[in-house]
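Chain and residue survey
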Amino acid sequence: MHPPDVLSQSITHFLTASLNILPDTVDILWSITEDIVWTMPSSAKANASDEAAFRTHGHKLGLTKCTLYPPTKVCINPDCTAWQCGLLLKKEEYQRVVLFTHGEGAHPGWMVHLRCQACNTNYQSNYSVKGQLRTYYAGLPQFIQVSDHQFVELELAMQWTDLMQIAYVTLFTSNIIVYTLYSVLATNCAHMYGIAQARGSCTNNNSDWQFESSLTTEQVWDSFTLLALLDY
Ligand SMILES: [Zn+2]
């Protein structure tokens, strides 16, 4: 796959605004560096100035630092023969999401769905969907999907799990009390995350994005449950 000869209007607009240069300069720089830029690995984490540029100029153009893809480019349904024909999955849809990270608060992002043209399986970031059946991929994903449009970074989910486990071994008592304790802990985890976001220098104003960037107790609880199941 080759780099495009001309950058899209939104990316040109983003570069002119964030670097304070003219559109013609962007075109010239792209023509010189396109082959190098196209093959550079994309980092999962941006530095503070990148984040500020995306927050100030990118989000309103629909541009973010993070995009989640399925972990496969070919169909892995054992009953499908698409791979024998060399068929790659087809890009189906972009979906706006919010990513709750361990160290940098909530970030807007995109999730890409891919579809197998032979068996019609829909491949998303954490799982594939065929008919009514959702099948999670093997291994632990970098971001765990906790609702339709919200993801929790693995490191953050692991931290919450550690807190839950410490509570469990500390208070070895009836199931009802342990369940109540877990509920309180999940509420506190969501509350503490909100306080840290509000206090931190990386506070994000995601008002240009479509979805809520505050965390709920249910999302903490779901990340704990999903991580336990996937790890098992
Ligand atoms: Zn298939």
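Residues numbered from 1 in each chain as written. Predicted model: local features only at pLDDT ≥ 70, side-chain atom pairs only at ≥ 80, totals over all residues. Heavy atoms only, no water.

**Description of the coordination of the zinc ion**
In plain terms, the rule: With water omitted from the atoms examined, metal sites may look incomplete; donors here are N, O and S atoms no farther than 2.8 Å from the metal, or 3.2 Å in the case of Na, K and Ca. Every angle between 85 and 135 degrees makes a four-donor site tetrahedral, while opposite donors more than 155 degrees apart, with all other angles between 65 and 115, make a four-donor site square planar and a six-donor site octahedral; other sites are irregular. Strands here are runs of E lasting at least two residues and helices are runs of H or I lasting at least four, both read from the DSSP assignment and numbered beginning at the N terminus. Exposed residues in this analysis have more than 50% of their type's maximum accessible area, buried residues have under 20%, and partly exposed residues fall in between, with area computed by a 1.4 Å probe over protein chains only.
Protein coordination at the zinc ion comes from Cys75 (SG), Cys80 (SG), Cys116 (SG) and Cys119 (SG), with a distance range of 2.3 Å. What the 4 donor atoms of the zinc ion show is an angle range of 103 to 114° at the metal, which sorts the shape as tetrahedral. Taken in sequence order, the residues that donate to the zinc ion follow the motif C-x4-C-x35-C-x2-C. With Cys80 in the loop between β1 (66–68) and β2 (90–100) and Cys116 in the loop between β3 (106–115) and β4 (122–123), this residue pair connects regions lying 36 residues apart in the sequence. Judged by relative accessible area, Cys116 falls into the buried class, the value being 3%.

**Concerning the side chain of Ser125**
Which entries qualify depends on this criterion: Only heavy atoms matter for contacts: two residues are in contact if any of them lie within 4.5 Å across the pair.
Residue placement: Ser125 occurs in the loop between β4 and β5 (127–130). Leave out the neighbours within four places in its chain, and Ser125 touches Leu68, Tyr69, Pro70, Pro71, Met111, Tyr137 and Phe151.

**A word on a nonpolar patch on the surface**
To keep it simple, the criterion reads: Exposure above 30% relative accessible area and the absence of a salt bridge qualify a residue for a patch, where like charges join within 9 Å and nonpolar side chains (Val, Leu, Ile, Met, Phe, Trp, Tyr) within 5 Å. Working definition of accessibility: Shrake-Rupley area with a 1.4 Å probe, residue cover restricted to the visible protein chains. When a carboxyl oxygen of Asp or Glu lies within 4 Å of a side-chain nitrogen of Lys or Arg, that pair is called a salt bridge.
On the surface, Val74, Ile76, Trp83 and Leu88 cluster together into a nonpolar patch covering about 410 Å² of accessible area. Its location among the elements puts Trp83 in the loop between β1 and β2.

**Details of the environment of Leu89**
Here Leu89 lies in the loop between β1 and β2. Residues Leu89 and Leu114, 25 residues apart in the sequence, show an inter-C-alpha distance of 5.7 Å.

**Points about the pairing of β3**
Applied cut-off: For two strands to count as paired, DSSP must find a minimum of two bridges between them.
The buried fraction of β3 is high, at 9 of 10 residues. For β1 and β3, the ladder comprises 3 bridges, and the chain directions are parallel. Each bridged residue has a counterpart across the sheet, and for Thr67 the counterpart in β3 is Trp110. Where β2 lies against β3, 10 bridges are found, and the strand directions are antiparallel. Its bridge partner lying in β3, Leu99 is registered against His107. Adjacent in sequence and paired antiparallel, β2 and β3 are bridged by 5 residues, among which Gly105 carries a positive phi angle near 70°.

The values reported here are purely geometric and, on their own, carry no functional implication.
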